[in-house]
Amino acid sequence: MESAMRSLLSDNSRYVESFRVFLKNSTEHQCMQQFIETKLPEVISSIGNEKSTLDVLGIGSGSGEIDLQMLSKIQAKYPGILINNNIVEPSAEQIFCYKERVAKTPDLDNITFSWHKKTSTEYEHQVNEQKEYRKYDFIHMIQMLYYVKDVPATLKFFRSCLSPNGKLLIILVSVSGRPRFKQQSRLGSYLIRSPKGESGWSTLWKKYGPRLPLNDLCLYITAGDITDMLRSMGAQYKSYDLPSDMDITGCFIEGDRNGELLLDFLTETCDFKKNAPSDLRDQIMKDLQSPECSTTKDGKIIFNNNLSVVVVGNE
Ligand SMILES: C[S@@+](CC[C@H](N)C(=O)[O-])C[C@H]1O[C@@H](n2cnc3c(N)ncnc32)[C@H](O)[C@@H]1O
């Protein structure tokens, strides 16, 4: 990795600003909303069986926009039920915005909110130290597992926090997820994924991950990696595809601040345009426009932001 570049997550305000620009330019939250409307009721259909209180845990919830929409669906499915909503989120700025959102949202009467300003690993350590092994009926990790150092251990821990009918919902960028052919090795046969249908993110990360600030702060993982891990743990899961895109035209307009912030978010690099070596910058700018990452529509460059939802039960 080139030394002048540092991870975007090391500058929390720039990270939050870039994330907001990303949300504005993409259909990220819209495709999640559609999933919540159409598929979430089925996912949560048994989490509240014979219960008067539901325990929900959000990991890396950001400012809570998606959390509140999911809570509203849980309320609709289980009218009058009490919901204890716990949030594990390391960014003070995001927690502040979440609290503001809660204060402005009507109909949250039966929900209590507890924020824990922690990373998921810090939360896990706290639970183990205090031996407070609480069970949750619904746990979600939406677009946050990139920032966890030991993903298999994190999956194992949070699966162990599920109550008997509980569900763990994960959203990450997608790979096609459909293995296309078998490869034979001395260790046996294993399946190779076809690169077709991958999100632009996985294409970018596979090619440039080693030259970007891939460090303790960010892993370039996809939903395909998660399903591989779940399979090797013997966990049952169900996947859903969420087609999504992002207008990255601004990245190619000289001096466009939002375009620069989007580039930071795409590369997980703080001030990428200024700090990246010119050869790397030129190659990434070229590849961002290639068919592996984007299409051109009405003069706009539209990046493939496809996501996948993975729902894990407590089997
Ligand atoms: C891309 S945002 C997603 C926010 C929200 N889930 C959404 O989809 O709108 C990632 C969030 O994960 C949080 N985060 C970063 N590292 C984390 C960690 N190790 N444990 C828990 N959350 C983390 C960030 O502060 C940020 O709010």
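Residues numbered from 1 in each chain as written. Predicted model: local features only at pLDDT ≥ 70, side-chain atom pairs only at ≥ 80, totals over all residues. Heavy atoms only, no water.

So, the site of the ligand
For clarity, the threshold we go by: Being near a molecule or strand, for a residue, means having at least one of its heavy atoms within 4 Å of it. Pairing of N or O atoms within 3.5 Å defines a polar contact, subject to two protein rules: one partner must be a possible hydrogen donor and the other a possible acceptor, and residues neighboring in sequence count only if both atoms are side-chain atoms. For accessible areas, the Shrake-Rupley method is used with a probe of radius 1.4 Å. Any residue's cover is judged against the shown protein chains and nothing else. Polarity classes work like this: nonpolar for Ala, Val, Leu, Ile, Met, Phe, Trp, Tyr, Cys and Pro, charged for Asp, Glu, Lys and Arg, and polar for all others, with Gly in that last group.
Every one of the 16 residues lining the ligand counts as a neighbour, but H29, G60, E89, S120 and I142 are closest to it. Within the side chain of E89, one N or O atom sits 2.6 Å away from an oxygen atom of the ligand. The contact in question runs from a nitrogen atom of the ligand to an N or O atom on the backbone of S120, over 3.0 Å. Protein burial of the ligand: of its 590 Å² of free accessible surface, 94% is covered by the chains. When the residues that make up the shell around the ligand are grouped by side-chain class, the tally is six nonpolar, nine polar and one charged.

Re the packing of helix 4 (residues 65–77) against helix 5 (residues 92–104)
The condition that has to hold: Geometry is summarised by axes, namely lines fitted to C-alpha atoms with helices restricted to the contacting stretch, and by angles between N-to-C directions that run from 0 to 180 degrees. Secondary structure elements follow DSSP: runs of H or I no shorter than four residues count as helices, runs of E no shorter than two count as strands, and numbering proceeds from the N terminus. An angle below 35 degrees is treated as roughly parallel, one above 145 as roughly antiparallel, one from 65 to 115 as roughly perpendicular, and anything else as oblique. Note: crossing handedness is left-handed where the near helix turns anticlockwise from the far helix by less than a right angle, and right-handed where it turns clockwise. By definition in these notes, contact holds between two residues if any of their heavy atoms fall within 4.5 Å.
Between helix 4 and helix 5, the shortest axis-to-axis distance is 10 Å and the interhelical angle comes to 40 degrees. Judged on the interaxial angle alone, helix 5 and helix 4 are oblique. Both helix 4 and helix 5 take part in a crossing whose hand is right-handed. Contacts between helix 4 and helix 5 involve E65, D67 and L68 from the former and Y98, R101 and V102 from the latter. Its residues placed into classes, the contact of helix 4 with helix 5 shows three nonpolar, no polar and three charged.

Some remarks on the confidence of the model for the chain
For clarity, the threshold we go by: Looking at any residue, its pLDDT shows the predictor's confidence there, from 0 to 100.
Chain-level statistics for the chain give a pLDDT mean of 90 and a share of 90% at 70 or above. Note that residues 176–196 has pLDDT below 50 and, in this model, 30 contacts with residues that lie over four places away or in other chains.

So, unusual backbone geometry
Selection criterion: Classification of residues uses two cut-offs on accessible area relative to the type maximum, computed with a 1.4 Å probe and protein chains only: under 20% is buried, over 50% is exposed, and between them is partly exposed.
Unlike most non-glycine residues, D107 shows phi in positive territory, near 60 degrees. Looking at where D107 falls in the secondary structure, it is placed in the loop between helix 5 and strand 3 (111–116). With relative accessibility at 60%, the residue D107 sits in the exposed group. Phi is positive for Q143, close to 55 degrees, though the residue is something other than glycine.

Considering the nonpolar core
The following threshold applies: Throughout, nonpolar core names a set of buried Ala, Val, Leu, Ile, Met, Phe, Trp, Tyr and Cys residues whose side chains join them through atoms within 4.5 Å.
L145, I170 and I226 are the most contacted members of the largest nonpolar core, which totals 94 residues. Ranked by the residues each element gives to this core, the list is headed by strand 5 (residues 162–173), at seven residues. When residues no more than four places from it in sequence are discounted, the contact partners of I170 are M141, L145, L155, I226, S308, V309, V310 and V312.

Focus on the packing of aromatic side chains
Rules: By convention, a stacked pair of Phe, Tyr or Trp rings (six-membered ring in the case of Trp) has centres within 6.5 Å and planes under 30 degrees apart, an edge-to-face pair has planes over 60 apart, and any other such pair is tilted. In this scheme, the term charge over a ring applies when either NZ of a lysine or CZ of an arginine sits within 6 Å of the ring centre and within 35 degrees of the ring normal.
If you walk through the whole model with that rule in mind, you get 19 aromatic pairs. Between W205 and Y220 the ring centres are 5.0 Å apart and the planes differ by 20 degrees, which places this aromatic pair in the stacked class. Of the two residues, W205 is situated in helix 8 (residues 200–208) and Y220 in the loop between helix 8 and helix 9 (223–233); the sequence distance between them amounts to 15 residues. An aromatic cluster of at least three residues, connected via ring pairs, comprises Y15, F19, F22, Y146, Y147, W201, W205, Y220, F265 and F303. In this structure, K77 packs its charged tip against the face of Y78, placed 6.0 Å from the ring centre.

Considering the pairing of strand 12 (residues 307–313)
Threshold: Whether two strands pair depends on DSSP finding at least two bridges between them.
Within strand 12, seven of the seven residues are buried, leaving the element largely enclosed by the surrounding structure. Burial along strand 12 is two-sided: the face carrying L307, V309, V311 and G313 and the face carrying S308, V310 and V312 are both buried. Two elements, strand 5 and strand 12, share seven bridges in a ladder whose sense is antiparallel. The partner of L168 across the bridge, within strand 12, is V312.

Some words on the packing of helix 1 (residues 12–25) against helix 10 (residues 257–267)
Where helix 1 meets helix 10, the axes come as close as 8 Å, and the angle between the chain directions of the two elements is 105 degrees. Between helix 1 and helix 10, the angle is such that the two are roughly perpendicular. Between helix 1 and helix 10, the residues in contact are R14, Y15, E17, S18, F19, V21, F22 and N25 and R257, N258, E260, L261, L262, D264 and F265, respectively. For the contact of helix 1 with helix 10, a count of residues per class yields seven nonpolar, three polar and five charged.

Quick word on the pattern of salt bridges
Where we set the bar: Salt bridges, as used here, are contacts in which a Lys or Arg side-chain nitrogen is within 4 Å of a carboxyl oxygen on Asp or Glu.
Taken as a whole, this structure holds twelve salt bridges when the rule is applied. The shortest N-O distance in the salt bridge between R134 and D55 comes to 3.0 Å. A residue pair is termed long-range when its members are at least 10 positions apart, and R134 in the loop between helix 6 (120–130) and strand 4 (136–142) and D55 in strand 1 (residues 53–59) qualify at 79 residues. On the basis of relative accessible area, D55 is assigned to the buried category, the value being 15%. The closest approach of N and O atoms between K300 and D247, which form a salt bridge, is 4.0 Å. Of the two residues, K300 sits in strand 11 (residues 300–304) while D247 sits in strand 9 (residues 245–247), which places them 53 residues apart along the sequence.

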